[in-house]
Amino acid sequence: MCGIIGYIGPRNVVGVLMEGLHRLEYRGYDSAGVAVVDDGKVCGEKRVGKLSNLEEALKAHPLRGSVGIGHTRWATHGRPSDSNAHPHLDCSKRLAVIHNGIIENYVRLRAALAARGHAFASDTDTEVVAHLIEERYQGDLAAAVRSVLGEVHGAYALGVLSADSPDEVLFARNGASPLVVGLGQGETFVASDTPAIMEYTRKQLVIHEGEVVVVTRHGAEISTFAGEPVEREVTRISWDVRAAEKGGFKHFMLKEIYEQPKVVRDTLAGRIDDDGRTDLADAGLTDAQLREVKKVSMFACGTAYHAAMYGMYLIRQLAKLPVELELASEFRYSHPVVDASTLAVAISQSGETADTLEAARVARAGGATLLGVCNRVGSALARHADATLYTHAGPEIGVAATKTFTAQCAAMALFALHLARVRGAADPEELRQIAAALRESPALVDQALNADEEILPVARRYAKAKTVLFLGRHVNYPIALEGALKLKEISYIHAEAYAAGEMKHGPIALLDEAVPVVGIATRSPIEEKVLSNLSEAKARESRIIAVANQGDDAVLEIADVIFQVPQTHHLIAPIVNVVPLQLFAYHVADRKGCDVDQPRNLAKTVTVE
Ligand code: M6R
């Protein structure tokens, strides 16, 4: 995925574009570029690597103009390089195009364009769009763009700037490539994501799939690809600008880890009362609908998949419903059996992950009712779902998901409790106890953060490890998976997670004194089993790092290091237990000098399948 930005108005255009690109850099950071219209010409700069390279180039060659577009890239077609950086120009160099997504039929289009005499300056799929618009342009930019949209296939958000139309800039969206327009006084902003515009305006228009938006300094006109005008309600951006700042923390990831007590509290707020009674009316599913459900089918990617797995355990245990769980990227190839009695649950913080959206489409096509669990108001998932349970985590800038994960887990716990209560599936007293623990969880997450100082030296000690094994069972298995994912994605240390009981069936062969094992061994009905599994690892000379509760002597005997977390109901403990694993990964990566907020090769939201 990439980040795109556009601006037209009286401010310093390049300043607005660069500020926006900084806020979008989490979406891709292989290269970046800007283009403006100045004195009847398209002028631009683009550089491979981080935004700082582009900044340096702009210092040497400053640009000015009253309208401009910018792009930060996550490479798909064409390696990261200056020439493959966006914007891309047509042959006349009077048009500039930026793009997030993939033009699937670009090979054929490029060959045809080349045969007609167009010269290409990059290896990208995007450049064909500039040349196609060049061919179609006859004085009406919107008409030229529309005619090209009929020819290009794929998912995209496109931005088009023309020296011949300096009072407008055009954008178009097809598929999972988000686009929002920010409305100001005599100025208009466009971006892939709200944080890039929220410093300037609170008024936003969300652009949907299959729409073109013509942006001028006086506002935005939305229409379908066919040219039918579209009325769109202006929504208010409620996120705090400070949420997109580091606020004194060294990295966004660390700040977001520390925000977790608040985001869990916000996600629970108004949805669970003092007696533990849940109310999810805001999600839009009625109790009657929930009583009719015969099966739950869950899917998600990456971290969200781990939250879904936690949800799966809870729903099975509390609501006593059959639950299937699938990676969203596998869902549609696995011949899923869904029908009108299935509740499909798609979890995605961005609500824009292409694999998850595609799985959601397949589930709905099979007749399932779709519940989206997401963090983005107005995202594609929220728009396509029959009901949406929002997490209230605010914008997450660190590419590694942290606070959105705990918010998703809190949402899963809420949902499982609600389903169990509505269906009369569990002992009310048991539900009351779990609900009480859930209500208390923000305070416990806060306490878990206190272990930070003790985790730091441990992380330093293990920063040279080549492989780390993470073990957990039952509801803590997804937490082991999440701990391993965090470590590998930001520190590049190979990490594997196993259901602790599975270790003896193969992975135990990996163990020796050089392979530390992180085990989640908080109090639960299966704590002894987990401790046995950790003992098996210790007997193979592995150093044992245990996430455990205070005063648990049995763990003390086995573990070399303990990350202490407060005790709570074992079904809610995962929300607390993940905290030290996030901190461990963070400190290891920071110690190794890794780029914590923007790990190599990753993008925050993957809008390609
Ligand atoms: O926006 P989503 O929740 O759908 O994103 C899913 C994954 O791409 C995401 O969780 C990814 O695994 C993160 N890098 C994890 O830190």
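Residues numbered from 1 in each chain as written. Predicted model: local features only at pLDDT ≥ 70, side-chain atom pairs only at ≥ 80, totals over all residues. Heavy atoms only, no water.

Undergrad: Help me understand the sheet that holds strand E4 (residues 67-73) in this model?
TA: Strand pairs in the sheet, formed through backbone hydrogen bonds, run parallel or antiparallel to each other. Taken together, the 8 strands give an open sheet; going across it, the order is E3-E2-E4-E1-E10-E9-E11-E15, and neighbouring strands pair in antiparallel fashion. Of all the strands in the sheet, just strand E3 (41-48) and strand E15 (235-236) have a single pairing partner and so form its edges. The sheet contact formed by strand E2 (residues 31-38) and E4 spans 6 bridges and is antiparallel. Within the sheet, the bridge partner assigned to Val 36 lies in E4 and is Gly 68. Against the sheet, helix H1 (residues 13-24) makes contact with strand E1 (3-8), E2, E4 and strand E10 (188-191), and its axis sits at roughly 155° relative to E1, the strand it touches most. The strands that helix H2 (residues 51-60) touches are E2 and E3; relative to E3, the one it contacts most, it runs at about 135°. (Pairing = 2+ DSSP bridges. Helix = DSSP H or I, 4+ residues; strand = E, 2+ residues; numbered from the N terminus. Contact = heavy atoms within 4.5 Å. Axes fitted to C-alpha atoms, helices over the stretch in contact; angles between N-to-C directions.)

Undergrad: Would you explain the environment of Gly 28 in this entry?
TA: Relative to the helices and strands, Gly 28 resides in the loop between H1 and E2. Taking relative accessible area as the criterion, Gly 28 reaches 0% and is therefore assigned buried. When the C-alpha positions of Gly 28 and His 71 are compared, they lie 9.2 Å apart, and in sequence the two are 43 residues distant. Once residues within four sequence positions are removed from consideration, Gly 28 is found in contact with Met 1, Thr 72, Arg 73 and Trp 74. (Buried < 20%, exposed > 50% of the residue type's maximum accessible area, 1.4 Å probe, protein only.)

Undergrad: Even after reading the chapter, I still don't get a negative patch on the surface, so can you show me in this structure?
TA: Among the surface-exposed residues, Asp 273, Asp 275, Asp 279 and Asp 287 lie close enough to one another that they form a single negatively charged patch. Mapped onto the secondary structure, Asp 287 falls in helix H8 (residues 287-292). Residue Asp 287 is classed as partly exposed on the basis of its relative accessible area, which comes to 33%. (Patch = residues over 30% accessible without salt bridge, like charges linked within 9 Å, V, L, I, M, F, W, Y side chains within 5 Å. Areas by Shrake-Rupley, 256 points an atom, 1.4 Å probe, with all protein chains shown as cover. Salt bridge = Lys/Arg side-chain N within 4 Å of Asp/Glu carboxyl O. Lys, Arg positive; Asp, Glu negative; His and termini not counted. Charge placed at Lys NZ, Arg CZ, Asp CG, Glu CD.)

Undergrad: What exactly am I supposed to notice about the site of the ligand here?
TA: Not every one of the 13 residues close to the ligand is listed here, only the nearest: Ser 348, Gln 349, Ser 350, Thr 353 and Glu 489. Gln 349 has a polar backbone atom sitting 2.7 Å from an oxygen atom of the ligand. Note that an oxygen atom of the ligand is positioned 2.5 Å from one of the side-chain N or O atoms of Thr 353. The element best represented in the shell around the ligand is helix H9 (residues 302-319), accounting for 3 residues. Considered class by class, the residues forming the shell around the ligand number 5 nonpolar, 6 polar and 2 charged. (Near = heavy atom within 4 Å. Polar contact = N/O pair within 3.5 Å; in protein donor to acceptor, adjacent residues only side chain to side chain. Nonpolar A, V, L, I, M, F, W, Y, C, P; charged D, E, K, R; others polar.)

Undergrad: Looking at this structure, how should I read the domain arrangement of the chain?
TA: Accessible area lost when the parts come together is the quantity often used to give the size of an interface. The domains assigned to the chain are domain 1 (3-245), domain 2 (255-448) and domain 3 (450-592). Of note, the centres of domain 1 and domain 3, computed from C-alpha atoms alone, are 44 Å apart. (Domains from an automatic or database assignment.)

Undergrad: Help me understand the pairing of strand E19 (residues 369-374) in this model?
TA: Along any regular strand the residues' side chains alternate between the sheet's two faces. E19 sits mainly inside the fold: 5 of its 6 residues count as buried. In this fold, strand E18 (residues 342-348) hands off to helix H11 (residues 354-365), which returns the chain to E19; that crossover is right-handed. In the sheet, E19 pairs with strand E20 (residues 387-390) via 4 bridges, with the strands oriented parallel. Opposite Val 373, over in E20, you have Leu 389 as the bridge partner. (Right-handed = clockwise from strand over helix to strand, strands pointing away.)

Undergrad: Looking at this model, I keep getting lost on H2. Mind explaining?
TA: Given 3.6 residues per turn, any residue in an α-helix points the same way as the ones three and four places further on. Along H2, the positions that sit buried rather than exposed are Leu 51, Leu 54, Ala 57 and Leu 58. Buried residues of H2, viewed axially, fall in a sector of 115°; they line one side. In H2, the exposed positions angled more than 90 degrees off the buried face are occupied by Lys 59 and Ala 60. Of the surrounding elements, those touching the buried residues of H2 are H1, E2 and E3. (Arc of directions from axis to C-beta.)

Undergrad: Looking at this structure, I do not really get the side chain of Thr 201. What am I missing?
TA: Structurally, the position occupied by Thr 201 is in the loop between E10 and strand E11 (203-206). Classification of Thr 201 by relative accessible area gives buried; the value is 8%.

Undergrad: I'm lost on the sheet that holds strand E21 (residues 467-472) in this one. Help?
TA: A sheet is described by the order of its strands in space; here 5 strands give the open sequence E22-E21-E23-E24-E25, paired in parallel fashion. Looking at which strands have only one partner, the edges of the open sheet turn out to be strand E22 (494-499) and strand E25 (561-565). Ignoring which end each strand starts from, the neighbouring axes of this sheet average 20° apart. As judged from the 3 bridges shared by E21 and strand E23 (residues 517-520), these two strands associate in the parallel manner. Within E23, the residue paired with Leu 469 across the bridge is Val 517. Sheet strands in contact with helix H15 (residues 452-462) are strand E24 (544-549) and E25, and its direction is about 145° off that of E25. Its contacts with the sheet put helix H16 (residues 477-491) on E21, E22 and E23, and the angle it makes with E22 is roughly 175°.

Undergrad: Explanation requested: the nonpolar core in the structure shown.
TA: Soluble globular proteins: nonpolar side chains tend toward being buried together. Membership of the largest hydrophobic core comes to 105 residues, with the highest contact counts inside it found for Met 298, Ile 315, Val 345, Phe 415, Phe 470 and Phe 584. If one sorts the elements of this core by residue count, helix H13 (residues 403-422) sits on top with 14 residues. Here this core spans two domains, and each of domain 2 (255-448) and domain 3 (450-592) adds at least three residues to it. The residues contacting Phe 470, other than those within four sequence positions of it, are Ala 480, Gly 483, Ala 484, Leu 487, Ala 495, Glu 496, Ala 497, Tyr 498, Val 518 and Leu 581. Counting 37 residues, the second-largest nonpolar core is a separate cluster that includes Leu 21, Tyr 26, Ala 196 and Val 206. (Core = buried A, V, L, I, M, F, W, Y, C linked by side-chain atoms within 4.5 Å.)

Undergrad: What am I meant to see in the packing of aromatic side chains here?
TA: Inspection of the entire model under this criterion finds 6 aromatic pairs. Residues Tyr 7 and Phe 189 carry aromatic rings whose centres are separated by 4.9 Å and whose planes lie at 40° to one another, so their mutual orientation is tilted. With Tyr 7 in strand E1 and Phe 189 in strand E10, this pair connects stretches of sequence that are 182 residues apart. Look at Tyr 7 and you get buried, because its relative accessible area is 0%. Exposure remark for Phe 189: the relative accessible area of 1% places this residue in the buried category. (Phe/Tyr/Trp six-rings, centres within 6.5 Å; stacked < 30°, edge-to-face > 60°.)

Undergrad: I keep staring at a positive patch on the surface and nothing clicks. Help me out?
TA: On the surface, Arg 460, Lys 464, Lys 466, Arg 591, Lys 592 and Arg 600 cluster together into a positively charged patch. For Arg 600, the position within the fold is in the segment after helix H19 (573-591).

Undergrad: Where do I start with the side chain of Ser 348 in this structure?
TA: Structurally, the position occupied by Ser 348 is in strand E18. Exposure remark for Ser 348: the relative accessible area of 3% places this residue in the buried category. Among the polar contacts listed, one links the side chain of Ser 348 to the backbone nitrogen of Gly 351, at a separation of 2.9 Å. Residue contacts for Ser 348: discarding those within four places in its chain leaves Ala 304, Thr 353, Thr 356, Val 373, Cys 374, Asn 375, Leu 381 and Gln 408.

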